[in-house]
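Commentary on secondary and tertiary structure
Listed here are the chains, written in short residue letters.
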Amino acid sequence: MVESRCGLLCSECKWKEIMKCGGCMAIKKPFWGPKCPIKTCCEDRGKAHCGQCERFACKQLHDFAMDPATKSEGDRIERLEEWAKNPTE
């Protein structure tokens, strides 16, 4: 099941309950800043998530998904590929 625009599993995010975050699919403005460039890009292109984009996986997504601050090592990109193949799962 698609949970975010960038491949993050919102269901596993520690901030979801703490910040009462509905996830980027449901909120207008993220709690962590004025905007999220990934969310904005997807919405501007009319895509539910990055895996649907013809530019997938662009530099912006790659840099975001491989960011040591998020402790992500590309699993978001793999997840987005799966979501693109199986949008209802």
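Further up the page is the structure itself.
In this text, all values refer to a predicted model and were calculated from it rather than measured experimentally. (Residues numbered from 1 in each chain as written. Predicted model: local features only at pLDDT ≥ 70, side-chain atom pairs only at ≥ 80, totals over all residues. Heavy atoms only, no water.)

Attention now moves to the overall build of the chain. The number of helices and strands found in the chain is four helices and zero strands. Its helices and strands taken in sequence order, the chain reads α-α-α-α from the N to the C terminus. For 89 residues, the compact-globule estimate of 2.2 N^0.38 gives 12 Å, and the C-alpha radius of gyration of the chain, at 12 Å, lies within 12% of that figure. Referenced to the eigenvectors of the C-alpha coordinate spread, the extents of the chain come out at roughly 35 × 25 × 25 Å. Burial status across the chain gives 35% buried among its 89 residues. (Helix = DSSP H or I, 4+ residues; strand = E, 2+ residues; numbered from the N terminus. Rg over C-alpha atoms; globule rule 2.2 N^0.38 Å. Buried < 20%, exposed > 50% of the residue type's maximum accessible area, 1.4 Å probe, protein only.)

Right, let's talk about the side chain of Ser-4 for a bit. You can see Ser-4 is positioned in the segment before α1 (15-18). Only 3.0 Å separates the side chain of Ser-4 from the backbone nitrogen of Gly-7, close enough to count as a polar contact. Here the side chain of Ser-4 touches Leu-8 through a polar contact of 2.8 Å, landing on its backbone oxygen. (Polar contact = N/O pair within 3.5 Å; in protein donor to acceptor, adjacent residues only side chain to side chain.)

Every buried residue of helix α2 (residues 37-45) is accounted for by Ile-38, Lys-39 and Cys-42. End-on, the buried residues of α2 take up no more than an arc of 100°, which puts them together on one face. Those residues of α2 that are buried are in contact with α3 (59-65). (Arc of directions from axis to C-beta. Contact = heavy atoms within 4.5 Å.)

Everything listed is a geometric property; what it means functionally is a separate question.
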